[in-house]
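# Structural description and commentary
Given next are the chains, with one letter for each unit.
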Amino acid sequence: MGYTNASQRALHQTASAQHRPSAVEVSESNHHAVYRWLIAFFVWGSMAIFASMVIGADALERRASWQAYNVDEMSQMLRSSLDELGVVPDRMDQASDEFVSAIEKNDADSLDAFVAVIRGIAPTVENLVSSTQRSLAAASASIDPNTTTYGEIESLPKTMRMSVRTWLGRELVRNRLYDEALPVIAEVDPTESIDPAAVLFYRGACYHALLMKKEALADLRRLLENEDDCPIRFSRTATMMVSDIKPLKEDSLDEISRIMTDVTRRLDLGRSDEQVEKREQEIIDKLTKLIEKIEEQQQQQQQQQQSSGGQGGQGGQGAPMADSQAGGASGNGDVDRKKIKDRDGWGNLPPAERNEALQQISRDLPTHYREAIEAYFRKLATEGQ
C-alpha cells in the first residue's frame, strides 16, 4: 500500500498500534486458554473416574454374589440363631466355643460342626439328625410341607434352617438320593447358609444328575464366579460338570444314555416305583422316535439313490428294499415297542427274539450308545427273570 505523505503514514501506524494486543492482553489470553484446558481435563478425568467406579462396582457386585464366611463370621451367625431361639448367653458362649474349637483344632467340616452343636440345643434338629441315622430318605420326607415336622423345621431361625437344609441335602446327594435331595435344598439361599459353596455345589450336582440342564448351569456357574472362596475339589468338579451338561440336547443319544444311567441308579437303590416306570417309558418313547427318524432318513437316502440310479431295473427293486429296511418284526416299530414296554414280557422273551429286538433298536447307532442300550435292556431282562 502506498502513502501520499508522511502524515498518512503516521496515521496508519497509529491505527495499527491500537489494534495490536499488548503483552498483558496476550498473557491474559494464554491464561484463559490454560484455564479452559484445565476445566476440560478435570471434567474428562472426573467422568473417567466415575465410569471406572461404576464398572468396578458392577464387577464387584458380580463377583460378590456369594462369599465364603470365616470362622468368626460363622460363629456370629450361630450366636444370632441361638439368640433368636432364646438361648441364654452362657450357653451361647459354650456353643460358640465348641463350634470354633471343632473347626480350628479338630479340622471339622463347618456344616458338621454346626449341626453337632445345635442338635443338643434345638430338639427339632436333634430329631432330624436322629432320623437320618435310621433312613436318609425318611429324613428328607420331614421337609415335605404335608408333614407335621415341616412346620417345626420352618420355625427355626433362618440361618439355622438354611444350614440344616444344606447339611441334609449334601448327605442325600452323597448317597445319590437326588430326587429326595432336590426339595430339601432347592430353595436354600446360599448367602443365608454358613457354607454358600456347599449349597451351590451339591444343588448343582443334584440338577446335573437329574438332567436339569438350565438349573445345573445356573448354580455351577454361580459357584465358579468366586473360585477364590471355593474349595478346589468343588471348582474342578463343577467345571467338569458344566462342560459335561452344556452340550446336552433333548432327544439326543446322549440324553437317552443318561436317562438309562438314571434308571439304573434307581434300580440299584431298590426303586421300582411309578417314577422308575415313567423314566423307562420315556426311554422307550425317545428310542422309538429316534429309530423312526433314522428309518425315515434311510428311506430318503434310498429313494435318492434309486432316482439317480437310472431307468428300468434299478427302480423296480426299490419297494422290496424299503420293506426289508424297516423290517425285522414290523415296519413301523409298534410290535417291538410293545415287547419292550412290558418289562416282564421282555424278560420272558426267548433269547433269539430278544437278540432280534436288541439288534433292531441298536441298529446303525454308534458303538458307545449301542452298548449302553444293550446293557440297559439286558439288565431289564435279568430283573424280569
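Structural notes, computed from the coordinates. (Residues numbered from 1 in each chain as written. Predicted model: local features only at pLDDT ≥ 70, side-chain atom pairs only at ≥ 80, totals over all residues. Heavy atoms only, no water.)

## Describing the overall build of the chain
Here is the rule: Starting at the N terminus, helices and strands are each numbered in turn, a helix being any DSSP run of H or I of at least four residues and a strand any DSSP run of E of at least two. The buried label goes to any residue with under 20% of its type's maximum accessible area, the exposed label to any with over 50%, and the partly exposed label to all in between, with areas taken from a 1.4 Å probe on protein chains only. The contact rule is simple, with two residues in contact once any of their heavy atoms fall within 4.5 Å. Residue-level accessible areas treat just the shown protein chains as cover; the underlying method is Shrake-Rupley with a 1.4 Å probe.
Helix and strand counts for the chain come out as 21 helices and 0 strands. Out of the 385 residues belonging to the chain, those deemed buried represent 39%. Of the contacts made within the chain by residues no fewer than 6 positions apart, 65% connect residues no fewer than 24 positions apart. Counting only carbon and sulfur atoms, one obtains 52% of the accessible surface of the chain, whose full area is about 22400 Å².

## Quick look at helix α13 (residues 232-245)
The test is simple: Helix span is expected to be 1.5 Å times the residue number reduced by one. The directions from the helix axis to the C-beta atoms form the arc being described.
Spanning 14 residues, α13 covers 20 Å between terminal C-alpha atoms, matching the ideal 20 Å at 1.5 Å per step. Inspection of α13 places Phe234, Ser235, Ala238, Met241, Val242 and Ile245 among the buried residues, and these make up the whole buried set. The buried residues of α13 all sit within an arc of 130° when viewed along its axis, so they share a single face. Turned more than 90 degrees away from the buried face of α13, the exposed residues are Ile232, Arg233, Arg236, Met240 and Ser243. Check the buried side of α13 and you find it contacts α11 (196-209) and α12 (213-224).

## Examining the pattern of salt bridges
Counted only if it meets this: The salt bridge definition used is simple: a Lys or Arg side-chain nitrogen within 4 Å of an Asp or Glu carboxyl oxygen.
Counting across every chain of the model gives 21 salt bridges. Between Arg170 and Asp112 there is a salt bridge, and its shortest N-O distance comes to 2.6 Å. Here Arg170 is found in helix α9 (residues 158-174), whereas its partner Asp112 is found in helix α5 (residues 110-118), with 58 residues between them in sequence. You can call Arg170 buried: its relative accessible area is 1%. Among the residues examined, Asp112 registers a relative accessible area of 35% and is labelled partly exposed. The shortest N-O distance in the salt bridge between Arg279 and Asp262 comes to 3.2 Å. Of this pair, Arg279 sits in helix α15 (residues 274-308) while Asp262 sits in helix α14 (residues 253-268), and the two are 17 residues apart along the sequence. Take Arg279 and Asp262: they sit in the same class, and that class is buried. Residues joined by salt bridges that share partners form a network here, namely Asp179, Asp262, Arg265, Arg266, Arg279 and Glu282.

## A word on the nonpolar core
For the record, the criterion: To qualify as a nonpolar core, a set must consist of buried Ala, Val, Leu, Ile, Met, Phe, Trp, Tyr and Cys residues joined through side-chain atoms within 4.5 Å.
Within the largest apolar cluster, 77 residues are counted, with the highest numbers of intra-cluster contacts made by Leu82, Phe99, Val125, Met160, Leu168, Leu223 and Phe234. For this core, the element with the most residues is α11, which contributes 9 residues.

## Re the packing of aromatic side chains
How two aromatic rings sit relative to each other is given by the distance of their centres and the angle of their planes. Note the following rule: Geometry of aromatic contacts follows a simple scheme: Phe, Tyr and Trp rings, the Trp one being its six-membered ring, pair when their centres are within 6.5 Å, and the pair is stacked under 30 degrees between planes, edge-to-face over 60, tilted otherwise.
Across all of its chains, the model carries 4 aromatic pairs by this definition. Centroid distance Phe201 to Tyr202: 5.1 Å. Interplanar angle 85°. Geometry classified as edge-to-face. Relative accessible area serves as the criterion here: at 10%, Phe201 is assigned to the buried category. One aromatic cluster is present, built from ring pairs that chain together Phe201, Tyr202 and Phe234.

## Considerations on α11
The terminal C-alpha atoms of α11, which comprises 14 residues, lie 20 Å apart, in line with the 20 Å expected from a rise of 1.5 Å per residue. Counting buried positions along α11 gives 13 out of 14 residues, so the element sits mostly inside the fold.

## Observations regarding the side chain of Lys286
Structurally, the position occupied by Lys286 is in helix α15. Ignoring sequence-local partners within four residues, the contact set of Lys286 consists of Glu250, Asp251, Glu255, Ile256 and Ile259.

## A word on the side chain of His208
Structurally, the position occupied by His208 is in helix α11. The contact partners of His208, leaving out residues within four places of it in the chain, are Ala216, Met241, Asp244, Ile245 and Arg258.

## Considering unusual backbone geometry
Despite not being glycine, Asp107 has its phi angle at roughly 55°, a positive value. Position of Asp107 relative to the elements: it lies in the loop between α4 (89-104) and α5. With phi around 60°, Leu211 is a residue other than glycine that occupies positive phi space. Assignment of secondary structure puts Leu211 in the loop between α11 and α12.

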